[in-house]
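What follows is each chain in one-letter form.
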Amino acid sequence: METVSRLAPIARRNMNQQCTVYSYTGTEATGQPQYAQGIVWPCRLAIRTERSITDTGDIITNSSVTVILPADCPIQAYDQIDLPRPYAHGAIIREVITATDALGKVTHKAVRIA
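Attention in this report is confined to the structure presented alongside it. (Residues numbered from 1 in each chain as written. Predicted model: local features only at pLDDT ≥ 70, side-chain atom pairs only at ≥ 80, totals over all residues. Heavy atoms only, no water.)

### A short note on the overall build of the chain
Note the threshold: We count a stretch as a helix when DSSP gives it H or I for four or more residues in a row; a strand needs E for two or more, and each element gets its number in order from the N terminus. Only protein chains enter the accessibility calculation, which uses a 1.4 Å probe; a residue is then buried when its area is under 20% of its type maximum, exposed when over 50%, and partly exposed in between. Every residue pair with non-hydrogen atoms within 4.5 Å of one another is taken to be in contact.
Counting its secondary structure elements, the chain contains one helix and eight strands. For the chain, the sequential pattern of α-helices and β-strands runs α-β-β-β-β-β-β-β-β. Taken along the three principal axes of its C-alpha coordinates, the chain extends 50 × 45 × 25 Å. Out of the 114 residues belonging to the chain, those deemed buried represent 29%. Counting contacts in the chain only where the partners sit at least 6 residues apart, residues at least 24 apart contribute 48% of the total.

As C-alpha cells, this is what we get:
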C-alpha cells in the first residue's frame, strides 16, 4: 500500500470535477474484458492541444486528456473510466503516473487514456 502525503488533501481540493472508475477484473469466456461496478471519484481534467505542420504543409491538431485523481484512488492500467461530458466515456487507462512529495509519499495520481 502506498503512503499518502500530507499534501494530498491540498491536491484533492483542486479536483472540482467527477469521473467514474471501473476496476478491471479479467476477461470472460469470449475474451471480452470485465469490470467491477463503477466508483465515483473527484478529478481534474488537464486538456492539452497541439498543432503541428506536416511535410506537405497540412496542419494537424492533436488533443490529449490527462486525468488527475486523488492519492487514495486505486486506479491501475486497463481500468475503465467515464469522464465528464463531452469527454470520453468508457476509455481504457493506459498509464498511471504516481506523483510524490519530497519524502516519496503520494500526493495524487495522473492517468493517460487510450
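Text resumes after the structure shown.
### As for the packing of aromatic side chains
Test applied: Side-chain rings of Phe, Tyr and Trp, where Trp is taken by its six-membered ring, are said to pair if the distance between their centres is within 6.5 Å; with planes under 30 degrees apart they count as stacked, over 60 as edge-to-face, and otherwise as tilted.
Under the counting rule described, the total for this entry stands at two aromatic pairs. Ring centres of Tyr-24 and Tyr-35 lie 5.9 Å apart, and the angle between their planes is 65°; on these two criteria the pair is classed as edge-to-face. Remark: Tyr-35 occurs in strand E3 (residues 33–35) and Tyr-24 occurs in strand E2 (residues 24–27); sequence separation between them is 11 residues. Tyr-24 sits in the partly exposed class, given a relative accessible area of 33%.

### A word on the pairing of strand E1 (residues 17–22)
The cut-off we apply is this: By the convention used here, strands pair only if DSSP detects at least 2 bridges between them.
Sheet topology note: the E1/strand E4 (residues 39–53) ladder contains five bridges and is antiparallel. The residue bridging Val-21 from the neighbouring strand is Ile-39, located in E4. Note that E1 and strand E6 (residues 80–82) share three bridges and pair antiparallel. Along E6, the bridge assignment pairs Tyr-22 with Gln-80.

### A closer look at the environment of Thr-98
Looking at where Thr-98 falls in the secondary structure, it is placed in strand E7 (residues 91–100). Residue classification places Thr-98 among the partly exposed positions, given a relative accessible area of 33%. Distance in space between the C-alpha atoms of Thr-98 and Leu-69 is 9.7 Å, their sequence separation being 29 residues. Those residues within four positions of Thr-98 in sequence are excluded, and the remaining contacts are Glu-2, Val-106, His-108 and Lys-109.

### So, the sheet that holds E1
Where we set the bar: To obtain each axis, a line is fitted to C-alpha atoms, and for helices this fit is confined to the stretch in contact; angles are then taken between N-to-C directions over 0 to 180 degrees.
Taken in spatial order, the six strands close into a barrel running E1-E4-E5-E8-E7-E6, and their pairing is antiparallel. Between one strand axis and the next, the sheet turns through 45° on average, direction left out of account.

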